Amino acid sequence: MANSAEDKEQVSLLRRTRAGVKAGLGSGKGPGRSARVFTNRRLTMTVVVTLIVAALLVIRLFYLQVIVAPALADTASELRTVPSEIEARRGDILDQNGAILATSVERYNVRVDQVEIASYRKYNDDDELIGTGAAAAAEDLHEILGMDQAVLGGILLGGEDKGRWELVIRDISPEKWREVNALGIPGIVPESYMQREYPNGYVAGNIVGYTGVTAEDDTLAGRAGIEATYNEHLTGIPGSRIVEVGPYGTVFPQAERIEIPAVDGQDVQLTIDRDLQNATQEALDSIVENSGAEWGAAVVIEIGTGRILALGDSSAPDPSNLAAVDPEDWNSRAVQAVFEPGSTGKVITLAALLDQEAITPTDIYVVPDNIEMPNGQSFKDNDNHPTATMTAAGIIGKSYNTGLIQMGDLIDDEVRYEYMVDFGLGQRTGIELPGEAAGMLYSWDMWDDRSRYTTMFGQAWAASTLQLGQMIAIIGNDGVSIPLHIVDGTYDADGIFTPTVQGESHQVISAEAAQITNQMLQGVTLRESTGIMAVVPGYNVAGKTGTAQVPDETGALNKRVGTFVGLIPAEAPQIAVSVVVFNARGAGYGGDTAAVAFSDIASFAMRTLGVAPSTEPLYKYPWFEEELDD
């Protein structure tokens, strides 16, 4: 019974459900309608979302292609752009005739892209593949580069981590690089640079200087000589190159290429003559070696212009071989080393006396080898000699201090000091080289009882070889001091020459006093005088020897410096020459050392300058009283 009742209830429920379904279908209501509504809503939302997304994409595309397109293009270009510097060529240093003393040449390092070189394919004449990659490249390159094939192959192949800019070899010539480049090996690339070369080696090395870097400054620049003082002129203005490259460094040929060319440095033309410079250095090296001296220096000055034709130092440095150069030899001793010159300093005292008309060449003096002056100071000549009655010319010819100080006492100390200043003592000449020394000259009111006399014959003051050259050049220039210079001018990148601006000349002594001084100094090269070794066959020489004691490392006066200054040809001077030989063995007299080098230098100068020999005899005043009666 129970089961029958439950079955009836289930049947009744089924009937009601079916009826409801039919009713719903008939009226548009019920589950069917709900399904359709749900589907329509999903479709609508999909469309709306799609439209929104599309709109956003359109907006984004508009933003990218219109609003920020230029900025994005610039950014992309920057990412692809590779800037590089175009090195400017450093200017040349030339002698007065255009001979190159320093120049810059293009050189190459060779580098390899160890990834790209793997694509190299080598074929024989029958177009058959016979090699690939680094091994084949090494086979083709090793003879050109002068490298072991196996070693070269290892460099080209690389290790597990491949490099894109690995060094293969340094410093090959442009010609050698052209041989390498002609093989067309992918991944072999050049690295060009400018290398400084000095084709004449040590000739003018003390003048030219060198280029390099320092621990404080890694910029390549002139570090000595003209390379340093004219560094701004010689150094050009670098250019730039901008290209666009692909992922593997390939340059896009159609892309924009921006190039600003470099401006090469200016050429600097010196006043020196290369051949005369070489002869000067050889003469100094010879006398230093033969006399056992520590060093020698010399300067040759063109009369009337102040142009320095040679400025030499013994053991001159070779800028092309820096490792072999003693640092002490880099700077020119002719410009930087100062010393008491000894009797060459008498030239100033003599010129001042003649200009003041305090003496004449034939004035008579009693000259002992030992003399006590009015202030109680005693002086002795270097060599013992009997007391003689001599002319002023004879005192200069024999270089007697005891006679010279008697003449020097005829003008006031202050006046004589002013002449010393006018002759350039105690001040730089202004030569275009670094580190020029001013020398030493104390004011006259600081001289004590002894130094007021010793300053007359080249002691108690100090000068450089260059300053002594300027001193004797004034005598040859008719008493006019002409500023010295070693640079004629510069040539810019367009070849336009700009001459060196010269300082003002000034009259130091009268032309007449200079002429008489010259004539009195001609006697110094007579056989019976101190300067016989300075004689130049065929030419008259006016000059003066000098020797002075100098202190050693302990301060004791155990060293000597020998000097000679001269004019040639004496009757019409073309050049003035000053020579110094420091601490030769033995007495170290200037007449035995510096005078010898002067003769060698002056002889070569006369030949190379084409100066005609003297046609008149050497001028000689009477030296002794008895000669005046002749």
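Anything mentioned here points back to the structure above.
Treat the numbers as computed from the prediction; the structure is a model and nothing was measured. (Residues numbered from 1 in each chain as written. Predicted model: local features only at pLDDT ≥ 70, side-chain atom pairs only at ≥ 80, totals over all residues. Heavy atoms only, no water.)

Chemist: Could you give me a rundown of the overall build of the protein, with the residues and numbers involved?
Modeler: When helices and strands are counted, the protein shows 19 helices and 27 strands. Evaluated residue by residue, the protein yields a buried proportion of 47% over its 630 residues. Accessible area of the protein: about 31200 Å², with a carbon and sulfur share of 52%. (Helix = DSSP H or I, 4+ residues; strand = E, 2+ residues; numbered from the N terminus. Buried < 20%, exposed > 50% of the residue type's maximum accessible area, 1.4 Å probe, protein only. Areas by Shrake-Rupley, 256 points an atom, 1.4 Å probe, with all protein chains shown as cover.)

Chemist: Quick one: what's the story with the sheet that holds strand S14 (residues 308–313), residue by residue and with numbers?
Modeler: One open sheet holds the five strands; their spatial order is S14-S13-S27-S26-S25, and the pairing between them is antiparallel. The outermost strands of the open sheet, each flanked by one partner alone, are S14 and strand S25 (542–550). Recorded for the sheet is a direction-independent mean angle of 10° between the axes of neighbouring strands. With nine bridges connecting them, S25 and strand S26 (residues 559–568) associate as antiparallel partners. Directly across from Val550, in S26, lies its bridge partner Lys559. (Pairing = 2+ DSSP bridges. Axes fitted to C-alpha atoms, helices over the stretch in contact; angles between N-to-C directions.)

Chemist: Account for a negative patch on the surface, with residues named and values stated.
Modeler: Residues Asp412, Glu414, Glu418, Asp422 and Asp445 make up a contiguous surface patch of negative charge. Relative to the helices and strands, Asp445 resides in the loop between helix H15 (413–422) and helix H16 (451–454). (Patch = residues over 30% accessible without salt bridge, like charges linked within 9 Å, V, L, I, M, F, W, Y side chains within 5 Å. Salt bridge = Lys/Arg side-chain N within 4 Å of Asp/Glu carboxyl O. Lys, Arg positive; Asp, Glu negative; His and termini not counted. Charge placed at Lys NZ, Arg CZ, Asp CG, Glu CD.)

Chemist: Tell me what's going on with the pairing of S26, and back it up with residues and numbers.
Modeler: One face of the sheet, then the other: side chains in a regular strand alternate in exactly this way. Of all the ten residues making up S26, nine are buried; the element is thus mostly covered by neighbouring parts of the structure. Strand direction decides the pairing type here: S26 and strand S27 (residues 575–582), joined by eight bridges, are antiparallel. Each residue of the ladder has a partner; that of Val565, found in S27, is Ser578. Connecting S26 to the antiparallel partner S27 that follows it, the hairpin turn spans six residues.

Chemist: Kindly report on the side chain of Lys544, identifying the contributing residues and their values.
Modeler: Residue position: Lys544 is located in strand S25. Summary of buried charges: Lys544 has no salt-bridge partner, and the nearest side chain of opposite charge, Asp381, is 10 Å away. At a separation of 2.8 Å, a polar atom in the side chain of Lys544 contacts the side chain of Ser399. (Polar contact = N/O pair within 3.5 Å; in protein donor to acceptor, adjacent residues only side chain to side chain.)

Chemist: Summarise the pairing of strand S16 (residues 364–367); cite the residues concerned and give the values.
Modeler: Here S16 shows a buried face lined by Tyr365 and Val367 and an unburied face lined by Ile364 and Val366. Pairing of S16 with strand S19 (residues 388–391), which is carried by four bridges, proceeds in the antiparallel orientation. Bridged to Ile364 within S19 is Thr391.

Chemist: Describe the packing of aromatic side chains, listing the residues and the values that go with them.
Modeler: Aromatic ring pairs are reported here in terms of the distance separating the ring centres and the angle at which the planes meet. On inspection of all chains with the given rule, the structure shows nine aromatic pairs. Between Tyr210 and Trp330 the ring centres are 4.4 Å apart and the planes differ by 40°, which places this aromatic pair in the tilted class. In this pair, Tyr210 is assigned in the loop between helix H7 (205–208) and strand S8 (211–212) and Trp330 in the loop between S14 and helix H11 (333–336), connecting sequence segments 120 residues apart. Take Trp330: its relative accessible area is 10%, and that puts it in the buried class. Members of the aromatic cluster, connected to one another through ring pairs, are Phe379, Tyr453 and Phe457. The ring of Tyr453 carries Arg452 above its face, with NZ or CZ at 4.6 Å from the centroid. (Phe/Tyr/Trp six-rings, centres within 6.5 Å; stacked < 30°, edge-to-face > 60°. Lys NZ or Arg CZ within 6 Å of the ring centre and 35° of its normal.)

Chemist: Now, about a nonpolar patch on the surface: what can you tell me, with residues and values included?
Modeler: A contiguous nonpolar surface patch, about 370 Å² in accessible area, is contributed by Val48, Ile52, Leu56 and Ile59. Along the chain, Ile59 falls in helix H2 (residues 31–67).

Chemist: If you had to explain the side chain of Ser343 to someone new, which residues and values would you point to?
Modeler: Note that Ser343 resides in the loop between strand S15 (338–339) and helix H12 (346–355). Given the relative accessible area of 11%, Ser343 is considered buried. Among the polar contacts made by the side chain of Ser343, one reaches the side chain of Ser399 at a distance of 3.2 Å. Not counting residues up to four positions away in its chain, the partners in contact with Ser343 are Ser399, Asn401, Phe457, Lys544, Thr545, Gly546 and Thr547. (Contact = heavy atoms within 4.5 Å.)

Chemist: Now, about helix H10 (residues 274–291): what can you tell me, with residues and values included?
Modeler: Taking 1.5 Å per residue, 18 residues should reach 26 Å; H10 reaches 26 Å between its end C-alpha atoms and fits that length. Among all positions in H10, only Leu276, Gln277, Ala279, Thr280, Gln281, Ala283, Leu284, Ile287, Val288 and Ser291 are buried. Packed against the buried residues of H10 are H7, strand S13 (295–302), S14, S27 and helix H19 (594–609). The N-cap of H10, judged by a side-chain oxygen 3.0 Å from the amide nitrogen of Asp275 a few residues on, is Asp273. (Expected span 1.5 Å × (residues − 1).)

Chemist: Tell me about the nonpolar core, and name the residues and values.
Modeler: The tendency in soluble globular proteins is for nonpolar side chains to be buried as a group. One finds Ile226, Leu311 and Ile486 to be the most contacted residues of the largest nonpolar core, which totals 98 residues. With sequence-adjacent residues up to four places away left out, Ile486 is seen in contact with Ile207, Ile226, Leu270, Thr271, Ile272, Ile308, Leu311, Ile431, Glu432 and Leu433. (Core = buried A, V, L, I, M, F, W, Y, C linked by side-chain atoms within 4.5 Å.)

Chemist: Give me unusual backbone geometry: which residues, what numbers.
Modeler: Look at the link from Ile568 to Pro569: it is a cis peptide, with omega at -15°. Mapped onto the fold, Pro569 is located in the loop between S26 and S27. Of note, the phi angle at Ala460 is positive, near 70°, even though the residue is not glycine. Secondary-structure assignment places Ala460 in the loop between H16 and strand S20 (463–464).

Chemist: Quick one: what's the story with the packing of helix H4 (residues 133–145) against helix H6 (residues 174–182), residue by residue and with numbers?
Modeler: Between H4 and H6, the shortest axis-to-axis distance is 10 Å and the interhelical angle comes to 170°. In terms of orientation, H4 and H6 fall into the roughly antiparallel class. Helix-helix and strand crossings are classified by hand; for H4 and H6 the assignment is right-handed. Between H4 and H6, the contacting residues are Leu141, Ile144 and Leu145 on the first element and Lys176, Glu179 and Val180 on the second. Considering only residue class, the contact of H4 with H6 consists of four nonpolar, no polar and two charged. (Parallel < 35°, antiparallel > 145°, perpendicular 65-115°, else oblique. Left-handed = near helix turned anticlockwise from the far one by under 90°. Nonpolar A, V, L, I, M, F, W, Y, C, P; charged D, E, K, R; others polar.)

Chemist: Before we move on, could you go through the environment of Gln114 and cite the residues and values that matter?
Modeler: On the secondary structure map, Gln114 appears in the loop between strand S3 (100–112) and strand S4 (121–123). Look at Gln114 and you get buried, because its relative accessible area is 8%. Residues Gln114 and Gly159 lie 45 residues apart in sequence; the distance between their C-alpha atoms is 9.0 Å. Apart from the residues lying within four places of it in its own chain, the contact partners of Gln114 are Ile155, Leu156, Leu157, Gly158, Asp161, Lys162, Gly163 and Glu166.

Chemist: An account of the environment of Thr490 is requested, with residue identities and associated values reported.
Modeler: Along the polypeptide, Thr490 turns up in strand S22 (residues 487–491). What makes Thr490 buried here is its relative accessible area of 7%. Residues Thr490 and Leu270, 220 residues apart in the sequence, show an inter-C-alpha distance of 8.9 Å. Apart from residues no more than four positions distant in its own chain, Thr490 is found in contact with Tyr230, His233, Gln266, Asp267, Val268, Ile496, Phe497 and Thr498. One polar contact links Thr490 to Gln266, side chain to side chain, over a distance of 3.0 Å.

Chemist: How would you sum up the environment of Thr402? Please name residues and give values.
Modeler: Among the secondary structure elements, Thr402 is positioned in helix H14 (residues 401–408). For Thr402, a relative accessible area of 0% gives the class buried. In sequence terms Thr402 and Phe379 are 23 residues apart; their C-alpha atoms lie 6.5 Å from each other. If we ignore the near neighbours within four places in the chain, the residues touching Thr402 are Val367, Pro368, Asp369, Asn370, Ile371, Phe379, Lys380, Asp381 and His385.

Purely geometric stuff here, so don't read any function into it on its own.
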